[in-house]
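Residues per chain are reported as follows:
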Amino acid sequence: QVQLVESGGGLVQPGGSLRLSCVASGTFFSITKMSWYRQPPGKQREMVATLTSRASTDYADYVKGRFTISKYDPRNIVYLQMNSLQPEDTATYYCNVEILTLVGRMIRDYWGKGTLVTVSS
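First things first, this report covers the structure right here in the doc. From a predicted model like this one, the values you see are computed outputs, not experimental measurements.

1. Quick look at the overall build of the protein chain
Within the protein chain, the secondary structure is distributed over 0 helices and 11 strands. The helix and strand sequence of the protein chain, counted from the amino end, reads β-β-β-β-β-β-β-β-β-β-β. The C-alpha radius of gyration of the protein chain comes to 14 Å, within 12% of the 14 Å expected for a compact globule of 121 residues. With the principal axes as the frame, the protein chain shows a C-alpha extent of 50 × 25 × 25 Å. Considering the protein chain as a whole, with its 121 residues, one finds that 41% of them fall into the buried category.

Have a look at this one:
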């Protein structure tokens, strides 16, 4: 079982910055991928950024050049640095982690409970 705890959300003015953090804890063989998703009010959840164990990244077009995903392996933390935030970035941001289980090396993914980011003047 894996637990994910996100933090760093809040209210920020347009043009401002926030850094989200997600700590993964539990028992697993390894983490293969760490991602951030978001769900704007009244809309479906969408991928924001992904970082694989091989340090490969992928970003949604609407955040390229503004958001950066990174990780700190010793503590299984993934970050999302968000710059030049705009009102349309308002959403609940969710951490998603893909792991290999200890037994059987099966792929499983887990979700955090989300952290709310509100961009407003």
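From this point, things continue past the structure.
2. Topic: the state of the cysteines
Taken as a whole and assessed by the stated rule, the structure comprises 1 disulfide. A disulfide bridge connects Cys22 with Cys95, and the sulfur atoms are separated by 2.2 Å. On the sign convention where negative means left-handed, the S-S torsion of about -80 degrees between Cys22 and Cys95 marks this disulfide as left-handed. Residue Cys22 is found in strand 3 (residues 18-26), and its partner Cys95 is found in strand 9 (residues 91-100); the two are separated by 73 residues along the sequence.

3. Looking at the sheet that holds strand 8 (residues 77-82)
Strand order across the open sheet formed by 4 strands is 1-3-8-7, with antiparallel pairing between neighbours. Looking at strand neighbours, the two that pair on one side only are strand 1 (2-7) and strand 7 (67-72), the edges of this open sheet. Sheet twist, expressed as the average angle between the axes of neighbouring strands with direction ignored, equals 15 degrees.

4. Points about the pattern of salt bridges
Considering all chains together, one arrives at 5 salt bridges under this definition. For the salt bridge of Glu46 with Arg38, the shortest nitrogen-to-oxygen distance reads 2.9 Å. For Arg38, a relative accessible area of 5% gives the class buried. Between Arg66 and Asp89 there is a salt bridge, with its nearest N and O atoms 2.7 Å apart. Linking Arg66 in the loop between strand 6 (57-59) and strand 7 with Asp89 in the loop between strand 8 and strand 9, this pair joins segments that are 23 residues apart in sequence. Neither residue differs from the other here; Arg66 and Asp89 are each classed as buried. Beyond isolated ion pairs, a larger network of salt bridges with shared partners links Arg38, Glu46, Arg66 and Asp89.

5. Quick notes on unusual backbone geometry
Phi is positive for Ser84, which is not a glycine, with a value near 50 degrees. Of note, Ser84 is situated in the loop between strand 8 and strand 9. Among the residues examined, Ser84 registers a relative accessible area of 37% and is labelled partly exposed. Phi is positive for Arg105, which is not a glycine, with a value near 50 degrees. Examined against the element boundaries, Arg105 turns out to sit in the loop between strand 9 and strand 10 (107-111).

Calculation rules
- Residues numbered from 1 in each chain as written.
- Predicted model: local features only at pLDDT ≥ 70, side-chain atom pairs only at ≥ 80, totals over all residues.
- Heavy atoms only, no water.
- Helix = DSSP H or I, 4+ residues; strand = E, 2+ residues; numbered from the N terminus.
- Rg over C-alpha atoms; globule rule 2.2 N^0.38 Å.
- Buried < 20%, exposed > 50% of the residue type's maximum accessible area, 1.4 Å probe, protein only.
- Disulfide = S-S within 2.5 Å.
- Pairing = 2+ DSSP bridges.
- Axes fitted to C-alpha atoms, helices over the stretch in contact; angles between N-to-C directions.
- Salt bridge = Lys/Arg side-chain N within 4 Å of Asp/Glu carboxyl O.

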